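Structural features, examined
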Amino acid sequence: MRKTLAIALCVLTLLAFVATMGGAQGKVPKKVGWVGNYMMHEWYQTVQRGMKARAAQLGIDLEVADANLDMARQVSMAEDLIAKGVDVLIISPVQQEGAEAIVKKAKAENVPLVIEASPVKGMTTIVAICDYDCGFKGGVETGKYVKAKLGGKARILAVDLPALRPCILRVDGFVDGIMTVIPDAVVVHRVDGSGLKDKALQVATDALTKDSNINVIYGCNDDSALGALQAYKSAGLDTKKLVVCGTGSEGLAFIKAMQEGGPYKVEAAMFPEAVGYECINMAVKLFNNEKVPPHWVTPTFALTADNWKQYYSLSGETRTINWDAVNKIPRENACAKY
Amino acid sequence: MKGKAMAVNEPGARRRVGSRIILFNELILVSVLVLICILISIGSPKFLSSTNVLNVLRDSSMDVIAAIGMTMLLITGEVDLSIGSLVAFVGVVTMDVTNKTHNVALGVAAGLGLGLLTGLVNGVVRTKLKVNSLIGTIAMMMVLRGGVYIYRVAAVQNYHSLDAFFQIGNGYVAFLFIVTRTTIGRRLYASGGNATAARISGIDVDRLKIGTFMTASLLAAVAGVILVSRMNSGQPNAGQGFEISVVAGVILGGTGLGGGEGTLIGTLIGVFILKVINNGIILLGWNQDLQIVIAGAVLIVAVYLDNKRKAARALIITT
């Protein structure tokens, strides 16, 4: 009995030691700072929710600042956070070139830096989706719908935002994706909706005047897709002959559109909550000097009117991500295109 | 020659000269509009289709409605750069109140009320606090844009589906007609047009300016209500750059930045020119960035012609 107790104590001591070792390897930073690009945007609000949730789980004090689309302001805020003594800094660059100053400053001050969304020269790692792959998945799913329900011919109105490289990649990915199912799909219009619903409505209205023979609408974000859908409806066209695919899953708009049972059938989801969650995970890894990949890809998936409830639940005007389902989504090791 | 000079120095003769110059300006604008329409229709036969004409009218309606108020303000020597943010805030409030009350009239009243309140504050800041309207309304633009995001970051979706709500957006042409062609519209315009005379005549200029600011904001709020109906959601990020396109249309239409001159018909044509250019660029399949480039270039030419016109008028009157 004594011998058994002694062995048990030894085992427990060893386990405790190993656990302590693991804890030492998995230290968490006390304070993490994030300088967002444009916190007023719904996307960043949702990223922030994911970031705060993960930080709270790990007991990290997260300080959030908003560059409000101003590069100089972002540099200044990043410097302020470094001066305040954050253990890790996260930034969502306003401009890729301008953010190089922050990368240099963080290196000089020996503060680990996580980049979110847009790559910056000299960075250690970036947490972001693969835009091309995300659009591609949306295109494949939309193509399947066209083949099954719309006669197998695809004539596309794509609402782009050419000022932003990620948006161009999404549209390119969508077109390539749909062509894997519908090889003779045609991009009839590719217009610039500025990523805004009112602008998308305007330009899509003009595009549909030029040629209304469209049965696929793709938007590089949700507002672009929904603005074009409004233009299609305003033109008096038959929505039963249409399928709409948006991108982002940034808020409630796509869920409501899918719930209505109209032509909004596919969402190339980017799960902003997961982006925020992974940014904090990456901050912890860098804090512990762990080896990290240059691009930590966050999940994307083509949600449909039939499967979105597996990934999100809705209560009133609050949506909740289903982490188990999202974490099971296979991730790319690297993007097909940058 | 001397006799002619004496003639134009008489008040009646000055008015006639002024009217002729204004008419000449509007004729040039109409000619430019017609020329642009002809050129676009050659490249895209669909340009003159009834569908497209209706589209351009629909797209112009919000700008024209807001431009009426902006014309009045510019005539009085003031400007309001907060209308883009106001359009967004009004849209969000209108949709939110309509959702909560299931009453379109209450939703619209809340939106228009916000417009009136904004105009009142703008007017008071300008007349009582003596803050330049350029600065004051930029500050208001920031307050409103920040305010709408505090009120609601996410877009307010339509949870009511009331038919009357969608009719607002469809009734744009009728509204455009009421504002521009009826007595109410003409009175609104006249109150702006008489501002300079009112100041000289000892009329309560502060009151007049506050009223003009309120009218301008109310009209911008009407544009916001139309936009939310067309979009079927209240978007906090809507209306970005709206104030610039409205001011550009008004200036292009011959309303001077210095105040005291401008016509509603000129504003109408100015807004239509910019809208037709935007529409034409898409119909012709040109690079959309040209929308900004051409609008900027047209604006520079318009201001240049305005300066030349002023110089010519000054020369005629003082000769």
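Residues numbered from 1 in each chain as written. Chains lettered and ligands numbered in written order. Predicted model: local features only at pLDDT ≥ 70, side-chain atom pairs only at ≥ 80, totals over all residues.

1. Things to note about the overall build of chain A
When you go through chain A residue by residue, the secondary structure sums to 11 helices and 14 strands. In terms of its C-alpha atoms, chain A occupies a principal-axis envelope of roughly 80 × 55 × 35 Å. With 338 residues in all, chain A has 52% of them scored as buried. Here the contacts in chain A between residues at least 6 apart in sequence split such that 72% fall between residues at least 24 apart. (Helix = DSSP H or I, 4+ residues; strand = E, 2+ residues; numbered from the N terminus. Buried ≥ 20, exposed ≤ 12 C-beta atoms within 10 Å, placed from the backbone. Contact = placed C-beta atoms within 7 Å.)

2. Some words on the interface of chain B and chain A
In this assembly, 25 residues from chain B lie in contact with 22 residues from chain A. At the level of secondary structure, the elements contributing two or more residues to the side of chain B that touches chain A comprise α3 (50–75), α11 (205–231) and α13 (264–283) of chain B. The element best represented in the side of chain B that touches chain A is α3(B), accounting for 4 residues. In terms of residue class, the side of chain B that touches chain A is built from 9 nonpolar, 13 polar and 3 charged. (Nonpolar A, V, L, I, M, F, W, Y, C, P; charged D, E, K, R; others polar.)

3. Some points on the sheet that holds strand β3 (residues 88–91) of chain A
Residues and elements named next belong to chain A. Spatially, 6 strands are ordered β2-β1-β3-β4-β5-β11 in an open sheet, and the strand pairing comes out parallel. Among the strands making up the open sheet, the edge pair consists of β2 (61–66) and β11 (295–297). Adjacent strand axes in the sheet meet at a mean angle of 20 degrees when their direction is disregarded. By the bridge criterion, 4 bridges tie strand β1 (residues 31–36) to β3 in an arrangement that is parallel. Bridge pairing in β3 links V32 to V88. Along the sheet, helix α10 (residues 272–287) contacts β1, β3, β4 (113–116), β5 (125–128) and β11; its crossing angle with β4, the most-contacted strand, is approximately 160 degrees. (Pairing = 2+ DSSP bridges. Axes fitted to C-alpha atoms, helices over the stretch in contact; angles between N-to-C directions.)

4. Looking at the environment of V79(B)
You can see V79(B) is positioned in the loop between α3 and α4 (83–101). For V79(B), the residues in contact, after removing those within four places along its chain, are L73(B), L74(B), S133(B), L134(B), T137(B) and V247(B).

5. So, the pairing of β5(A)
Residues and elements named next belong to chain A. Across 3 bridges, the pairing between β4 and β5 is parallel. Paired with V114 across the two strands is T125, which belongs to β5. Of the pairings in the sheet, the one linking β5 to β11 comprises 3 bridges and is parallel in character. Looking at β11, one finds that A128 is bridged to V297.

6. Topic: the nonpolar core
One recurring pattern in soluble globular proteins is that nonpolar side chains are buried together. One finds A204(A), I217(A) and A283(A) to be the most contacted residues of the largest nonpolar core, which totals 183 residues. Here this core gets 15 residues from one element, more than from any other, and that element is α11(B). Residues lining this core come from more than one domain, with at least three contributed by each of domain 1 (29–129 + 272–298) and domain 2 (131–269) of chain A. Filtering out sequence-adjacent residues up to four positions away, I217(A) remains in contact with L157(A), A225(A), A228(A), L229(A), Y232(A), L242(A) and V244(A). (Core = buried A, V, L, I, M, F, W, Y, C linked by C-beta atoms within 7 Å. Domains from an automatic or database assignment.)

7. Digging into the confidence of the model for chain B
A low pLDDT means the predicted coordinates there should not be read in detail. Residue and element names in this part refer to chain B. For chain B, mean pLDDT is 82; residues scoring 70 or higher make up 77% of the total. Considering each helix and strand of chain B separately, the mean pLDDT is smallest for helix α1 (residues 2–9), with a value of 43, and largest for helix α5 (residues 104–127), with 97. Here residues 1–8 is modelled with pLDDT under 50, and outside its nearest four sequence neighbours on either side it reaches 7 contacts, counting other chains as well. Predicted as a complex, the structure gets a pTM of 0.83 and an ipTM equal to 0.78. (pLDDT = per-residue confidence, 0-100.)

8. Topic: the packing of helix α12 (residues 242–252) of chain B against α13(B)
All names here are of chain B. Two elements in contact, α12 and α13, have axes whose closest approach is 7 Å; the angle formed by their N-to-C orientations is 125 degrees. Overall, the two elements α12 and α13 adopt an arrangement that is oblique. Here α12 runs over α13; the crossing is right-handed. Counted together, S245, A248, G249, V250 and L252 of α12 and T267, G270, V271, I273 and L274 of α13 form the full contact between these two elements. Residue composition of the contact of α12 with α13, grouped by class: 6 nonpolar, 4 polar and no charged. (Parallel < 35°, antiparallel > 145°, perpendicular 65-115°, else oblique. Left-handed = near helix turned anticlockwise from the far one by under 90°.)

9. So, the sheet that holds strand β8 (residues 216–219) of chain A
Residue and element names in this part refer to chain A. The strand order β7-β6-β8-β9-β10-β12 describes an open sheet built from 6 strands, whose pairing is mixed. Of all strands in the sheet, those bounded by a partner on one side alone are β7 (186–192) and β12 (301–304). Along the sheet, successive strands turn relative to each other by an average axial angle of 20 degrees, direction set aside. Note: strand β9 (residues 243–248) against strand β10 (residues 264–269), 5 bridges, orientation parallel. Pairing of G248 across the sheet is with A269, part of β10. On the sheet, helix α6 (residues 165–181) packs against β6 (155–160), β7, β8 and β9 and is oriented at approximately 170 degrees with respect to β6.

10. Notes on unusual backbone geometry
In this structure, N289(A) is a non-glycine residue whose phi angle is positive, near 55 degrees. On the secondary structure map, N289(A) appears in the loop between α10 and β11. Residue N289(A) is classed as exposed on the basis of its C-beta count, with 9 C-beta atoms lying within 10 Å. Residues other than glycine seldom take positive phi values, yet N232(B) does so here, at roughly 65 degrees. Looking at where N232(B) falls in the secondary structure, it is placed in the loop between α11 and β2 (233–234).

11. Regarding the domain arrangement of chain A
Residue and element names in this part refer to chain A. Partitioning chain A into domains gives domain 1 (29–129 + 272–298) and domain 2 (131–269). One C-alpha centre belongs to domain 1, the other to domain 2; they are set 31 Å apart. Counting residues at the interface gives 5 residues for domain 1 and 5 residues for domain 2. Broken down by element, the residue count for the side of domain 1 that touches domain 2 peaks at 3 residues, all from helix α2 (residues 42–58). Of the residues belonging to the side of domain 1 that touches domain 2, the class tally is 3 nonpolar, 1 polar and 1 charged.

12. What to know about α13(B)
Residue and element names in this part refer to chain B. For α13, which comprises 20 residues, the first-to-last C-alpha distance of 28 Å matches the rise-based estimate of 28 Å (1.5 Å per residue) to within 8%. Counting buried positions over the 20 residues of α13 gives 18, a clear majority of the element. Immediately downstream of α13, the backbone of G285 shows phi near 75 degrees, a positive value. (Expected span 1.5 Å × (residues − 1).)

13. A look at the packing of α4(B) against α12(B)
Residue and element names in this part refer to chain B. Put simply, α4 and α12 touch, their axes get as near as 6 Å, and they point 130 degrees apart. Classified by the angle their axes make, α4 and α12 are oblique. Along the contact surface, α4 presents I83, G84 and V87, while α12 presents F242, E243 and V246. Split by residue class, the contact of α4 with α12 holds 4 nonpolar, 1 polar and 1 charged.

14. Some details on the confidence of the model for chain A
Across chain A, the average pLDDT comes to 91, with 93% of residues at 70 or higher. The low-confidence segment residues 9–25 of chain A, where pLDDT is below 50, has 1 contact with residues more than four positions distant or belonging to other chains.

15. A look at the pairing of β1(A)
Residues and elements named next belong to chain A. In terms of burial, β1 is a largely internal element, 5 of the 6 residues being buried. As paired elements, β1 and β2 share 6 bridges and run parallel to each other. The residue bridging G33 from the neighbouring strand is E63, located in β2. After leaving β1, the chain enters α2 and then returns to the sheet as β2, a path that is right-handed. (Right-handed = clockwise from strand over helix to strand, strands pointing away.)

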